[in-house]
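# Notes for the structure review
The primary structure of each chain is shown beneath.
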Amino acid sequence: MDLLNTLTGQLRALDEQSLIRKRRTVDTPCGARVSVDGRQLLAFCSNDYLGLANHPKLKLALQEGAAIYGVGSGASHMISGHVRAHAMLEDRLAEFVGAHLESARALTFCTGYMANLAIITGLTAGDREAEIFSESLNHASLIDGARLSRAKVTVYPHADLAALGALLAASNAATKLVVTDSVFSMDGDLAPLPALLALCEQHGAWLVIDDAHGFGTLGDHGRGALEHFKLRSPYLVYMGTLGKAAGVGGAFVAAHETVIETLIQKARPYIFTTATPPALAHALLTSIDLIEGQEGIKRRAHLAALVAQLDDGQVGLKLHRWRRLPSMTAIQPILIGDNAETMRAGAALYEQGLWVGTIRPPTVAPGTSRLRVTLSAAHSSMEVAQLITALNNLDATGKDVR
Ligand SMILES: *Cc1c(COP(=O)(O)O)cnc(C)c1O
């Protein structure tokens with residue numbers, strides 16, 4: 001039993017550092033109010049930013065998709081699993097974000113994690129001379145993509161354009177990739193994308209943008225970070241996820257058609273996996289319509305009003321001990337620092353029926369544990385007021401938070 005003893009020892013060490021992660025089993029659809037073990041909770045932890053995950057039109061579209069296409073795709077895209085619904089979704093997504101690219105084409109993936117592995121390994125396939133410049137706060141899937149590629153990986157400090165510029169200038173690599181989250185998933189701030197794109201164009205580098213938290217929420221039509229910043233370039237490689245604001249699941253890459261053809265030919269996370277159920281792709285066509293249309297516009301405006309409520313001098317957050325990180329997005333982190341205190345704060349909120357994510361290393365740097373509040377258009381301003389009151393009270397009680 002030595003092998004099991006080793007694991008048990010490692011798990012105990014995690015526990016001693018307050019780093020054990022526990023899952024909770026939810027019995028109701030994703031939404032502002034959920035039920036866990038028979039308890040009603042007000043949830044501020046999903047990434048369902050527009051509140052579409054349980055939208056009646058999407059549920060109907062998924063049923064319709066199953067009626068038309070059945071359930072499983074049966075094979076990978078390269079064999080026989082590439083179904084009409086996937087093709088229609090690719091065309092729709094290419095049109096949706098295409099104004100920001102050149103000769104745009106889109107490719108759908110089972111998950112954003114896989115899309116990121118595919119972009120980085122696909123664009124550097126077999127090229128040990130390539131160099132990847134990776135932002136220090138990037139999502140784990142971008143980090144893993146860089147690890148899986150055989151290219152040289154250089155991490156640049158968060159939002160540090162001067163440092164990145166110097167690294168790019170010093171690089172002799174023929175293929176250079178600058179890889180960044182658009183909205184940082186645990187901090188909520190935006191990458192300086194216009195300046196990053198200018199640097200990339202100056203140094204002949206691709207700019208790979210992971211817009212997991214921007215797609216659907218940023219831009220007047222929800223086209224994401226590219227629309228928000230009005231970017232346009234043939235050297236952009238855009239990744240959007242479809243399980244967050246889009247409310248369904250999966251992801252896509254949009255880029256110049258030559259990039260997409262390269263991924264189809266070379267990206268192993270695209271080639272060697274079963275295509276998603278086509279009914280999901282069918283439902284996503286409705287999701288994109290909702291994001292782009294009046295309903296999306298209304299939901300984004302409501303979400304922005306909820307974010308502004310936290311900022312409000314009268315009714316907003318007033319923290320002294322903890323610190324709210326500056327963020328204009330739906331991701332609103334409250335920096336606490338200590339792992340155990342973060343867990344106690346999360347438990348105290350939970351006791352009051354408020355479910356907020358507690359984020360510890362290795363997801364964030366040691367000493368920067370935090371509550372990660374995520375707002376959604378599904379929340380009412382009354383519900384956000386309830387959260388604000390609870391956080392202000394807990395912050396005021398200081399160290400003894402239980
Ligand atoms: C969620 C997320 C991903 C992964 O997307 P999935 O579809 O959940 O696999 C990638 N990048 C960032 C920044 C994310 O937040």
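Provided above is the structure to which this section pertains.
Right, let's walk through the structure included here. Note that this is a predicted model, so its numbers are computed, not measured.

Around the ligand sit 13 residues, and of these Gly112, Tyr113, Asp210, His213 and Lys244 come closest. Take Gly112: an N or O atom from its main chain is 2.7 Å from an oxygen atom of the ligand. Between the ligand and Tyr113 there is a distance of 2.9 Å, counted from an oxygen atom to a backbone nitrogen or oxygen. Here the ligand loses 82% of its free accessible area of 380 Å² to cover by the protein chains. Broken down by element, the shell around the ligand gets its largest block of residues, 3 residues, from helix H4 (residues 112–123).

The geometry of H4 relative to helix H9 (residues 257–266) is characterised by a closest axis approach of 9 Å and an angle of 95° between their N-to-C directions. Taken together, the axes of H4 and H9 are roughly perpendicular relative to one another. Taking contact as the criterion, the partners of Ala118, Ile119, Gly122 and Leu123 in H4 are, on H9, Val259, Thr262, Leu263 and Lys266.

Here we come to the pairing of strand S2 (residues 39–44). Direction of pairing for strand S1 (residues 33–36) relative to S2: antiparallel, over a ladder of 4 bridges. Residue pairing in the sheet places Ser35 in a bridge with Gln40 of S2. Count of turn residues in the S1/S2 antiparallel hairpin: 2 residues, of which Asp37 carries a positive phi of about 50°. Where S2 and strand S12 (residues 354–359) come together, 3 bridges link them in parallel fashion. Directly across from Phe44, in S12, lies its bridge partner Val356.

Looking now at the pattern of salt bridges. Tallying each qualifying case throughout the model produces 14 salt bridges. Salt-bridge contacts for Glu95 lead to Arg92; the nearest nitrogen and oxygen are separated by 2.8 Å. In this pair, Glu95 and Arg92 are both assigned in helix H3 (residues 84–97), 3 residues apart and thus about one turn of the helix distant. For Glu95, a relative accessible area of 58% puts it in the exposed group. Ionic pairing is found between Arg223 and Glu292, a salt bridge with its closest N-O pair at 3.2 Å.

This part covers the packing of aromatic side chains. Following the criterion strictly, the structure yields 6 aromatic pairs and no others. Measuring from centroid to centroid gives 6.4 Å for Tyr350 and Trp355, while their planes differ by 90°, and the two rings are edge-to-face. An identical accessibility class is assigned to Tyr350 and Trp355; each is buried. Three or more aromatic residues joined by ring pairs form one cluster here, namely Phe96, Phe215, Tyr238 and Phe252. Across from the ring centre of Tyr350, 3.6 Å away, lies the NZ or CZ of Arg24, which sits over that ring.

The rules behind these values
Residues numbered from 1 in each chain as written. Predicted model: local features only at pLDDT ≥ 70, side-chain atom pairs only at ≥ 80, totals over all residues. Heavy atoms only, no water. Near = heavy atom within 4 Å. Polar contact = N/O pair within 3.5 Å; in protein donor to acceptor, adjacent residues only side chain to side chain. Areas by Shrake-Rupley, 256 points an atom, 1.4 Å probe, with all protein chains shown as cover. Helix = DSSP H or I, 4+ residues; strand = E, 2+ residues; numbered from the N terminus. Axes fitted to C-alpha atoms, helices over the stretch in contact; angles between N-to-C directions. Parallel < 35°, antiparallel > 145°, perpendicular 65-115°, else oblique. Contact = heavy atoms within 4.5 Å. Pairing = 2+ DSSP bridges. Salt bridge = Lys/Arg side-chain N within 4 Å of Asp/Glu carboxyl O. Buried < 20%, exposed > 50% of the residue type's maximum accessible area, 1.4 Å probe, protein only. Phe/Tyr/Trp six-rings, centres within 6.5 Å; stacked < 30°, edge-to-face > 60°. Lys NZ or Arg CZ within 6 Å of the ring centre and 35° of its normal.

On their own, these measurements won't tell you what the molecule is for.
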